[in-house]
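# Results of the structural survey
One-letter residues, chain by chain:
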Amino acid sequence: MTIIKYRHYQPRLAPRRTKVEVPGWGGTKEPRQDGAHEQAWHCLPFVEGAQYGIEIFYPHDHEVRVSRRDGRFLFEGDFGPAPSPGMQWPPFRSFGEGFYTYQLLLDLKVPEGYAVRAEPHPRFYLGEADDVPLAVPALLRTSWWPMINFVVFKAPPEGRVHVFRPGEPFMQFCVVPAEPEIVLEPMGVEEAAEREMQSRRIHASRETLGRETRWTSSTHTVFDGTYRRILGAARARDRAAED
């Protein structure tokens, strides 16, 4: 288990492991059954990807709307007085022509060899209003960097708006290896053939594996639980190996 320690000046930032809220931004409580409308939480790879990070909540009392007009930023909201003397206030500032920043009063300490990577909150990919702030990816090696940092966001196009609402998650951090020691190389003939055979076996057995979980959505898209079943078997195998 990897322990991430934190300190903050605003408890309402409330860092926690990202949760897919249902009902909420993750969709409605529609079961996986014929005629239901497909929801984000129906997709296990999305859920696991979304919940991989640490979500951060907007800690202030009033909504802030970020937009651009005639090439200039507008930060509209009731900021009130600075929470403490010497703090950058308001916490939003333009950052060049196409970006803006938010002063994040949070320090996440990771173990040596790890880093935190700023990312958009997963609800960015689901919101129909297109008003979710778009955090720009950034890697911080916080095992030795204890500074309070600002977060950079991509500016909304003119005519659109980003909305920061009290108590709503607006970005997330993922904890990753500081140095991605990854080498890409093509598979050898035998390994590629083995993977192809695995793929064909799964395809051939899908009728059996997915029979009890197959359903057709309201948009006539066919789903089944083949991936979920194989993932469950892989986890059971790993638990048995640990025991």
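To start, this report covers the structure provided alongside it. In this text the structure is predicted, and so the values were computed from the model without any measurement. (Residues numbered from 1 in each chain as written. Predicted model: local features only at pLDDT ≥ 70, side-chain atom pairs only at ≥ 80, totals over all residues. Heavy atoms only, no water.)

Taken N-terminus to C-terminus, the directions of helix 2 (residues 189-209) and helix 3 (residues 226-242) make an angle of 100°; their axes are 10 Å apart at the nearest point. When the interaxial angle is binned, helix 2 and helix 3 end up roughly perpendicular. Where helix 2 approaches helix 3, its residues Ile202, Arg206, Thr208 and Leu209 are matched on the opposing element by Thr226, Arg229 and Ile230. Its residues assigned to classes, the contact of helix 2 with helix 3 shows three nonpolar, two polar and two charged. (Axes fitted to C-alpha atoms, helices over the stretch in contact; angles between N-to-C directions. Helix = DSSP H or I, 4+ residues; strand = E, 2+ residues; numbered from the N terminus. Parallel < 35°, antiparallel > 145°, perpendicular 65-115°, else oblique. Contact = heavy atoms within 4.5 Å. Nonpolar A, V, L, I, M, F, W, Y, C, P; charged D, E, K, R; others polar.)

Below, the discussion takes up the pattern of salt bridges. Pairing is possible between side chains that carry opposite charge, provided their charged atoms lie close to one another. What the rule picks out here adds up to 17 salt bridges. When the shortest N-O distance is used, the salt bridge between Glu63 and Arg65 registers 3.4 Å. Its relative accessible area of 34% is what places Arg65 among the partly exposed residues. Residue Asp238 pairs with Arg237 through a salt bridge whose shortest N-O separation is 3.2 Å. Its relative accessible area of 38% is what places Asp238 among the partly exposed residues. Among the ionic contacts, a cluster of salt bridges with common partners joins Glu63, Arg65, Arg123, Asp131, Arg165 and Glu168. (Salt bridge = Lys/Arg side-chain N within 4 Å of Asp/Glu carboxyl O. Buried < 20%, exposed > 50% of the residue type's maximum accessible area, 1.4 Å probe, protein only.)

Here we come to the sheet that holds strand 3 (residues 54-57). With antiparallel pairing, five strands are arranged side by side in an open sheet as 2-3-14-9-11. At either margin of the open sheet sits one strand with a lone partner, and together these are strand 2 (16-17) and strand 11 (138-140). (Pairing = 2+ DSSP bridges.)

As a general feature of sheets, a regular strand has side chains that alternate between the two faces. Relative to strand 5 (residues 72-76), strand 4 (residues 64-69) runs antiparallel, the two sharing five bridges. In the sheet register, Arg68 faces strand 5, and the bridge partner there is Phe73. What sits between the antiparallel neighbours strand 4 and strand 5 is a turn of two residues, in which Asp70 has the positive phi angle 55°.

This brings us to a nonpolar patch on the surface. A grouping of Phe95, Phe99 and Phe150 is seen on the molecular surface, where their side chains present a nonpolar patch of about 280 Å² in accessible area. Note on placement: Phe99 falls in strand 7 (residues 99-104). We classify Phe99 as partly exposed; its relative accessible area is 32%. (Patch = residues over 30% accessible without salt bridge, like charges linked within 9 Å, V, L, I, M, F, W, Y side chains within 5 Å. Areas by Shrake-Rupley, 256 points an atom, 1.4 Å probe, with all protein chains shown as cover.)

With that settled, the discussion passes to the nonpolar core. The tendency in soluble globular proteins is for nonpolar side chains to be buried as a group. Grouped together as the largest cluster of nonpolar side chains are 25 residues, with contacts concentrated most on Ile56, Leu104, Phe153, Phe164, Phe170, Met171 and Phe173. Put simply, the parts of the chain that give this core at least two residues each are strand 3, strand 4, strand 7, strand 8 (106-109), strand 9 (114-119), strand 12 (149-154) and strand 14 (169-177). Considering every element that reaches this core, the biggest residue donor is strand 14, with four residues. (Core = buried A, V, L, I, M, F, W, Y, C linked by side-chain atoms within 4.5 Å.)

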